[in-house]
Amino acid sequence: MDTVYAWSAGFIDGEGTISIKRFFRYRKDGSRYIYYQPFISLSQAVVGNHEQGVIRMKELFNGSISNWKEKSPSKRYSTMQWSVVSMDALECIKLIYPHLVVKKKNADLVIRFFEERTKNTGGSGKIKLTQEEQTKRENLFHESRLLNQKGKLHLQRLNEVTPKGDVIV
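Since the structure is predicted, the reported quantities are computational estimates derived from the model, not experimental observations. (Residues numbered from 1 in each chain as written. Predicted model: local features only at pLDDT ≥ 70, side-chain atom pairs only at ≥ 80, totals over all residues. Heavy atoms only, no water.)

K.L.:
Describe helix 1 (residues 2-15), with residues and values.
P.N.:
Helix length check: helix 1, at 14 residues, gives a terminal C-alpha distance of 20 Å against a target of 20 Å (1.5 Å per residue), a fit within 8%. Buried residues of helix 1: V4, Y5, S8, A9, F11, I12 and D13, and no others. Among the structural elements, strand 1 (16-26), strand 2 (32-45), helix 2 (51-61), strand 4 (79-85) and helix 3 (86-96) are those in contact with the buried residues of helix 1. (Helix = DSSP H or I, 4+ residues; strand = E, 2+ residues; numbered from the N terminus. Expected span 1.5 Å × (residues − 1). Buried < 20%, exposed > 50% of the residue type's maximum accessible area, 1.4 Å probe, protein only. Contact = heavy atoms within 4.5 Å.)

Laid out in structure tokens, this is it:
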């Protein structure tokens with residue numbers, strides 16, 4: 001079974017996301033609150049037999065599958081996305097953690113999230129948080145965003161960062 005978890009970790013490392021989502025919700029009285037939810041997701045194009053990996057992830061870790069259909073005249077393939085949230089995400093991380101390479105820091109954040117949540121609220125996310133607890137969760141959310149940030153890769157030439165006469169081998 002360990003090889004299945006190693007495969008799963010590699011799949012998530014390469015194609016997935018481990019993060020903390022932030023939602024703004026409203027109570028019946030109209031007041032707004034912030035809700036944080038750890039999640040893991042990955043997508044694959046529905047071409048060839050690629051969707052079988054997504055289906056296997058759901059079989060292993062529960063969660064849900066969403067299908068995104070190609071809109072013509074798009075040049076993109078239809079995709080299938082698997083996602084798992086909250087406690088199921090934590091259970092998934094516990095099983096694949098020893099095999100993670102790229103997303104290990106992301107997994108550490110989710111583990112810290114649950115440790116803080118359990119320490120401060122007894123495990124329930126349905127109670128009102130103190131300002132300190134809210135700040136801790138918000139900081140974890142922002143750390144998670146930084147780890148998952150996409151965008152243009154900014155490279156520097158070696159001679160711009162290496163002092164004259166020094167050599168990096």
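Following the structure, the description resumes.
K.L.:
If you had to explain the pairing of strand 4 to someone new, which residues and values would you point to?
P.N.:
In terms of strand pairing, strand 2 meets strand 4 through 7 bridges, oriented antiparallel. Bridge assignment links A45 to a residue of strand 4, and that residue is T79. Note: strand 3 (residues 64-68) against strand 4, 5 bridges, orientation antiparallel. Paired with I65 across the strands is W82, a residue of strand 4. (Pairing = 2+ DSSP bridges.)

K.L.:
Mind laying out the packing of aromatic side chains, listing which residues take part and the relevant values?
P.N.:
To describe a pair of aromatic rings, one takes the distance between the centres and the angle between the planes. A complete count under the given rule lists 6 aromatic pairs for this structure. Look at Y36 and F141: their rings are 6.4 Å apart centre to centre, the planes differ by 55°, and that puts the pair in the tilted class. With Y36 in strand 2 and F141 in helix 5 (residues 131-147), this residue pair connects regions lying 105 residues apart in the sequence. Among the residues examined, Y36 registers a relative accessible area of 4% and is labelled buried. For F141, a relative accessible area of 7% translates into the label buried. Ring geometry for F113 against F114: centres 5.6 Å apart, planes inclined by 90°, an arrangement best described as edge-to-face. Owing to a relative accessible area of 1%, F113 belongs among the buried residues under this scheme. Three or more aromatic residues link up through ring pairs in this structure, and these residues are Y5, F61 and W82. In this structure, K104 packs its charged tip against the face of Y97, placed 4.6 Å from the ring centre. (Phe/Tyr/Trp six-rings, centres within 6.5 Å; stacked < 30°, edge-to-face > 60°. Lys NZ or Arg CZ within 6 Å of the ring centre and 35° of its normal.)

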